[in-house]
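Each chain, written out:
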Amino acid sequence: MTEPEYRVRAVYTDSTVTVYQAYTPEIGLPAARDGRFPGVWKRDRMTWVKPSFLWMMYRCGWGTKEGQETVLAIEMSRAGFEWALEHACLSHYERGLHADRAAWKRRLERAPARVQWDPERDLRLRPLAHRSLQLGLAGEAARRYADEWTVSITDVTSLAHTVHARVRDGDLEAARQLLPLERPYPVREGLLAHLHR
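What this report covers is the structure whose coordinates are included nearby. Just so it is clear, the model here is predicted, and its values are computed rather than measured.

When you line up the elements, S52 lands in the loop between β3 (47-49) and α2 (53-60). Residue S52 is classed as buried on the basis of its relative accessible area, which comes to 1%. A polar side-chain atom of S52 sits 2.9 Å from a polar atom in the side chain of E120.

A few words on the pattern of salt bridges. This model, assessed by the stated rule, comprises eleven salt bridges. In this structure, the salt-bridge partner of D34 is R33, at a minimum N-O distance of 2.9 Å. One salt bridge in this structure joins R144 and E140, with 3.4 Å as the shortest N-O distance. Within this pair, R144 and its partner E140 are both found in helix α5 (residues 139-149), separated by four residues, close to a single helical turn. Exposure remark for R144: the relative accessible area of 23% places this residue in the partly exposed category.

Under the counting rule described, the total for this entry stands at eleven aromatic pairs. Seen from their ring centres, Y20 and F53 are 5.4 Å apart, and the 75 degrees between their planes marks the pair as edge-to-face. Residue Y20 is found in strand β2 (residues 16-23), and its partner F53 is found in helix α2; the two are separated by 33 residues along the sequence. For Y20, a relative accessible area of 3% gives the class buried. On the basis of an interplanar angle of 25 degrees and a centroid distance of 4.7 Å, the ring pair of F37 and W41 is categorised as stacked. Relative accessible area serves as the criterion here: at 2%, F37 is assigned to the buried category. Under the relative-accessibility criterion, W41 is labelled buried at 4%. Through a chain of ring-to-ring contacts, the aromatic side chains of Y23, F37, W41 and Y145 assemble into a single cluster. Here the basic side chain of R144 rests over the ring of W83, its NZ or CZ set 4.9 Å away from the ring centre.

The rules behind each value
Residues numbered from 1 in each chain as written. Predicted model: local features only at pLDDT ≥ 70, side-chain atom pairs only at ≥ 80, totals over all residues. Heavy atoms only, no water. Helix = DSSP H or I, 4+ residues; strand = E, 2+ residues; numbered from the N terminus. Buried < 20%, exposed > 50% of the residue type's maximum accessible area, 1.4 Å probe, protein only. Polar contact = N/O pair within 3.5 Å; in protein donor to acceptor, adjacent residues only side chain to side chain. Salt bridge = Lys/Arg side-chain N within 4 Å of Asp/Glu carboxyl O. Phe/Tyr/Trp six-rings, centres within 6.5 Å; stacked < 30°, edge-to-face > 60°. Lys NZ or Arg CZ within 6 Å of the ring centre and 35° of its normal.

Structure, rendered in structure tokens:
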């Protein structure tokens, strides 16, 4: 079955959805230990969350890039995730989706969240034909993410390293068995209509 180009895929429960981020150990380790972001985590900056484990691995180099050595799985509330999607603006102008470039820019400046659709990745981190959601949270959305929406934080750095080791060994099936089970996320009808054509 062909994968649609735009679809949110994630690990989720009835009340939470798992997203991934990577930080320095100074932020990531206390966040995982305490289940909340530490005081040095800046609530006034945009923070990007990714429901795709493999896209996070592409972004952080399996937890080896400088400043991204600690990989976190954050369970956030589905209500918060969907609020962010509903209030998000696409991060680039899309002809036919926005009235004009100026209207898009006005919306982008006001939006507390923004969305990018980047190529999903395979186990070798090569781009696939379908897209993966990246959700940027700023202002109200970033504060609510840190203070209200975050349910739990788990350090999954060792998982990243183990999967990477299996890939390096050429044992892709063993690597695949270790991946988090991401399923199509059941977004309500129309929720993503303003975020892709």
